[in-house]
Amino acid sequence: MSRRKRPTQAEITAMWDLLDDDNKSTEWVMQRVVDHFEGKVDEGDVADALMRRTDVQPARQSD
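### Concerning unusual backbone geometry
For step 1, the next point in the chain: Even without being glycine, E38 reaches a positive phi, approximately 50°.
For step 2, the next point in the chain: Tracing the sequence through the fold places E38 in the loop between α2 (26-36) and α3 (43-56).

### Here's the deal with the packing of helix α1 (residues 9-19) against α2
For step 1, the next point in the chain: At a minimum axis distance of 10 Å, the contact between α1 and α2 shows a crossing angle of 130°. Viewed along their axes, α1 and α2 adopt a mutual orientation that is oblique. The two elements α1 and α2 cross, and the hand of that crossing is right-handed. Judged by residue contacts, I12, M15, W16 and L19 of α1 engage T26, W28, V29, M30, R32, V33 and H36 from α2.

### Here we look at the nonpolar core
For step 1, the next point in the chain: Core analysis: the biggest nonpolar cluster contains 12 residues, these being I12, M15, W16, V29, M30, V33, V34, F37, V41, V46, A49 and L50.
For step 2, the next point in the chain: Contributing elements (two or more residues each) for this core: α1, α2 and α3.
For step 3, the next point in the chain: When residues in this core are grouped by element, the largest group, four residues, is from α2.
For step 4, the next point in the chain: For M30, the contacting residues outside a window of four places in its chain are W16, E43, V46 and A47.

### Overview of the pattern of salt bridges
For step 1, the next point in the chain: Scanning all chains against the criterion turns up three salt bridges.
For step 2, the next point in the chain: Residue R6 pairs with D45 through a salt bridge whose shortest N-O separation is 2.7 Å. Remark: D45 occurs in helix α3 and R6 occurs in the segment before α1; sequence separation between them is 39 residues.
For step 3, the next point in the chain: The salt bridge partner of D48 is R52, with a shortest N-O separation of 2.9 Å. In this pair, D48 and R52 both sit in helix α3, four residues apart, roughly one turn of the helix.
For step 4, the next point in the chain: Since its relative accessible area comes to 46%, R52 is described here as partly exposed.

Thresholds applied
- Residues numbered from 1 in each chain as written.
- Predicted model: local features only at pLDDT ≥ 70, side-chain atom pairs only at ≥ 80, totals over all residues.
- Heavy atoms only, no water.
- Helix = DSSP H or I, 4+ residues; strand = E, 2+ residues; numbered from the N terminus.
- Axes fitted to C-alpha atoms, helices over the stretch in contact; angles between N-to-C directions.
- Parallel < 35°, antiparallel > 145°, perpendicular 65-115°, else oblique.
- Left-handed = near helix turned anticlockwise from the far one by under 90°.
- Contact = heavy atoms within 4.5 Å.
- Core = buried A, V, L, I, M, F, W, Y, C linked by side-chain atoms within 4.5 Å.
- Buried < 20%, exposed > 50% of the residue type's maximum accessible area, 1.4 Å probe, protein only.
- Salt bridge = Lys/Arg side-chain N within 4 Å of Asp/Glu carboxyl O.

From the geometry alone we can't say anything about function, so treat these as descriptive.
Laid out in structure tokens, this is it:
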């Protein structure tokens, strides 16, 4: 019996980037990411991974 390994934030965001397309809705991409990980993540996990990533990326400019 294999243990289910939970995908990392990096794996989730990488899959999102791979599937993200201007012609697809956010809901479509979300469902494909959840399906890809076969129940190991839910929409909340994906949203959390994306929010954490965007918290890190933008550079803040101070006056």
